[in-house]
Amino acid sequence: MAKRIVRVRRRKKKKKLRLLAALLFTISLVVSGGFYYVTQVYTAAYEGLDRGEKSDLREEAVDAQEDPISILLMGVEDYSTDGKAGRADTQIVLTLDPDTNKMTMTSIPRDTIVDIPASKVHQKYAGSHKINAAYSIGEVSGYGAEKLTVETVESLLDIPIDKYATVNFDGFIEIVDLLGGITIDVKKGFWERSSLDYYKKIEFEEGPMKMNGEEALAFVRMRKRPAAVSYTRDERQRQFIKASIDEALSPGTLLKIGDMKDVIGKNVSTNLTPGEMLSLRKAFSSNNTSVETVEIDGANERLNDGLYYFVPDEESVEDVKYKLRKSLDLPVSQQNTTSEYENTNQ
């Protein structure tokens, strides 16, 4: 890994659950309106990882309907590359235990430094990279965009990634518009810039509001306005998810299966099965599901290639590994068990 030469101000990474969480939850929920519906859309979105039925870090395959599982959610921004070799700028690891209805969400900073070995890609692509580049390297090298990203996250966090779901951000607006928009009860007014036009301000006034795709994207992504202090992004994302479920299960939406298949086929890929999608729908829509946000602390540092990277704090990474492995009911190492996390939670 590249040698550090400049260290900039150290700061704790705050919770940054970007719009991808809301979007991909909604995709799973939207296509789970009924078994016939989900199987139809499933054929458009399904894409395996060319690794068999399980992660190499698993002794046996797991079932999302019965076992604790992990899911990597990837948001790909490929508009600048004409839809090719985009970067997975948003990566969120979910763990979900169907027995306890407990979920963890871990957002991996896009600039996290990782090592991509020459055993997987050509030597010219191997070495230290920002983790968001694993997706594009996997594509251009022929290794597989999702496969390389999944394996890179597995190496970073020392957990198996059982399932994945990828969406490009261009699909967000199209999917919401296809639903006919969604209605959300805005709890506190604010404004946010449009993702389509930087100079366009979208106003959100307190009370019920019917939002199109452009407005919904602005609603879930806002984090810098004063209202975000009390009206958090997490709360707005939960509102978005519930509103999307309600709209997705409406008779009018169920009649749009052909259009939905086309949109999802263009913008979404996943190795979740229909049964797993139905199981996730049940978990996500349950009021009893508890969600814990797991944070990776670290520092932004400029390395000898002149670029800035996010370098995770080693102790923080061990704490994250401990929490995620415990949530997946996996053995923890001695190093994990002696972490600050365990010592402060006994």
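Residues numbered from 1 in each chain as written. Predicted model: local features only at pLDDT ≥ 70, side-chain atom pairs only at ≥ 80, totals over all residues. Heavy atoms only, no water.

### So, the pairing of strand S10 (residues 201-204)
Next, step 1: Burial along S10 is one-sided: the face carrying Ile 202 and Phe 204 is buried and the face carrying Lys 201 and Glu 203 is not.
Next, step 2: Two elements, strand S9 (residues 190-193) and S10, share four bridges in a ladder whose sense is antiparallel. Pairing of Arg 193 across the sheet is with Lys 201, part of S10. (Buried < 20%, exposed > 50% of the residue type's maximum accessible area, 1.4 Å probe, protein only. Helix = DSSP H or I, 4+ residues; strand = E, 2+ residues; numbered from the N terminus. Pairing = 2+ DSSP bridges.)

### Focus: the confidence of the model for the chain
Next, step 1: Looking at the chain as a whole, its pLDDT mean stands at 80, while 75% of the residues score no less than 70.
Next, step 2: Segment residues 1-19 is flagged for pLDDT under 50; beyond a separation of four residues in sequence, or across chains, it makes 60 contacts in the model.
Next, step 3: Below a pLDDT of 50 lies the segment residues 338-346, which in the model reaches 10 contacts outside its immediate sequence neighbourhood of four places, other chains included. (pLDDT = per-residue confidence, 0-100. Contact = heavy atoms within 4.5 Å.)

### Quick look at the sheet that holds strand S3 (residues 87-97)
Next, step 1: The six strands are arranged S12-S7-S2-S3-S4-S13 in an open sheet whose pairing can be described as mixed. The sheet terminates laterally at strand S12 (268-270) and strand S13 (290-294), the two strands that pair on one side only. Each neighbouring strand pair of the sheet contributes to a mean axis angle of 20°, computed without reference to strand direction.
Next, step 2: Here S3 runs beside strand S4 (residues 102-108); their pairing, made up of seven bridges, is antiparallel. Each residue of the ladder has a partner; that of Leu 96, found in S4, is Met 103.
Next, step 3: Contacts between helix H4 (residues 145-157) and the sheet are confined to strand S2 (69-77), S3, S4, strand S7 (163-168) and S12, with S2 contributing the most and set at about 125° to the helix. (Axes fitted to C-alpha atoms, helices over the stretch in contact; angles between N-to-C directions.)

### Brief notes about the nonpolar core
Next, step 1: By size, the foremost hydrophobic cluster in this structure holds 32 residues, and its most contacted members are Ile 182, Phe 204, Met 211, Phe 219 and Phe 240.
Next, step 2: Looking at this core, the elements that each hand over two or more residues are helix H5 (170-178), strand S8 (182-186), S10, strand S11 (207-211), helix H6 (213-221), helix H7 (233-248) and helix H9 (257-267).
Next, step 3: Not counting residues up to four positions away in its chain, the partners in contact with Phe 204 are Val 186, Gly 189, Phe 190, Glu 192, Met 209, Met 211, Glu 215, Ala 218 and Phe 219.
Next, step 4: Ala 88, Tyr 135, Val 150 and Phe 310 belong to the second largest nonpolar core, which has 25 residues in total. (Core = buried A, V, L, I, M, F, W, Y, C linked by side-chain atoms within 4.5 Å.)

### Side note on H6
Next, step 1: Among the nine residues in H6, seven count as buried, and that is most of the element.
Next, step 2: Residues Gly 213, Glu 214, Ala 216, Leu 217, Ala 218, Phe 219 and Val 220 constitute the buried set of H6.
Next, step 3: Its side-chain oxygen at 3.2 Å from the backbone nitrogen of Glu 214, Asn 212 defines the N-terminal cap of H6. (Polar contact = N/O pair within 3.5 Å; in protein donor to acceptor, adjacent residues only side chain to side chain.)

### Description of the packing of aromatic side chains
Next, step 1: What the rule picks out here adds up to six aromatic pairs.
Next, step 2: Centroid distance Tyr 198 to Tyr 199: 5.4 Å. Interplanar angle 90°. Geometry classified as edge-to-face. The same class applies to Tyr 198 as to Tyr 199, namely exposed.
Next, step 3: Between Phe 219 and Tyr 231 the ring centres are 6.3 Å apart and the planes differ by 70°, which places this aromatic pair in the edge-to-face class. Placement of the pair is Phe 219 in helix H6 and Tyr 231 in the loop between H6 and H7, with a sequence separation of 12 residues.
Next, step 4: Looking at Tyr 231, the relative accessible area reads 2%, which means it is buried.
Next, step 5: Three or more aromatic residues joined by ring pairs make a cluster, and in this case those are Phe 190, Phe 204, Phe 219 and Tyr 231.
Next, step 6: A cation sits over an aromatic face here: Lys 147 above Tyr 143, 4.9 Å from the ring centre.
Next, step 7: The ring of Phe 190 has Arg 236 lying over it, and the distance from NZ or CZ to the ring centre is 5.5 Å. (Phe/Tyr/Trp six-rings, centres within 6.5 Å; stacked < 30°, edge-to-face > 60°. Lys NZ or Arg CZ within 6 Å of the ring centre and 35° of its normal.)

### Comments concerning the pattern of salt bridges
Between side chains of opposite charge, a pair can form as their charged atoms come close.
Next, step 1: This structure, assessed with the given rule, holds 11 salt bridges.
Next, step 2: A salt bridge links Arg 58 to Asp 162; the nearest nitrogen and oxygen atoms lie 2.8 Å apart. Of this pair, Arg 58 sits in the loop between helix H2 (35-45) and S2 while Asp 162 sits in the loop between H4 and S7, and the two are 104 residues apart along the sequence.
Next, step 3: Assessed through its relative accessible area of 9%, Arg 58 is described here as buried.
Next, step 4: Between Glu 292 and Lys 323 there is a salt bridge; the shortest N-O distance is 3.9 Å. (Salt bridge = Lys/Arg side-chain N within 4 Å of Asp/Glu carboxyl O.)

### Topic: the side chain of Ser 269
Next, step 1: Considering the arrangement of structural elements, one finds Ser 269 in strand S12.
Next, step 2: Given a relative accessible area of 8%, Ser 269 falls into the buried group.
Next, step 3: For Ser 269, the side chain forms a polar contact with the side chain of Glu 146, separated by 3.1 Å.

### Regarding the pairing of S7
Next, step 1: Among the six residues of S7, six are classified as buried, and the element is accordingly described as predominantly covered.
Next, step 2: Here S7 shows a buried face lined by Lys 163, Ala 165 and Val 167 and a second buried face lined by Tyr 164, Thr 166 and Asn 168.
Next, step 3: By the bridge criterion, six bridges tie S2 to S7 in an arrangement that is parallel. Within S7, the residue paired with Val 76 across the bridge is Asn 168.

### Regarding the environment of Asn 132
Next, step 1: Examined against the element boundaries, Asn 132 turns out to sit in the loop between strand S6 (127-130) and helix H3 (134-141).
Next, step 2: With relative accessibility at 2%, the residue Asn 132 sits in the buried group.
Next, step 3: Separated by 42 residues in the primary sequence, Asn 132 and Thr 90 have C-alpha atoms spaced 7.6 Å apart.
Next, step 4: Asn 132 has contacts with Arg 87, Ala 88, Asp 89, Gln 91 and Arg 110, leaving out every residue within four places of it along the chain.
Next, step 5: There is a polar contact of 3.5 Å between the side chain of Asn 132 and the side chain of Arg 87.

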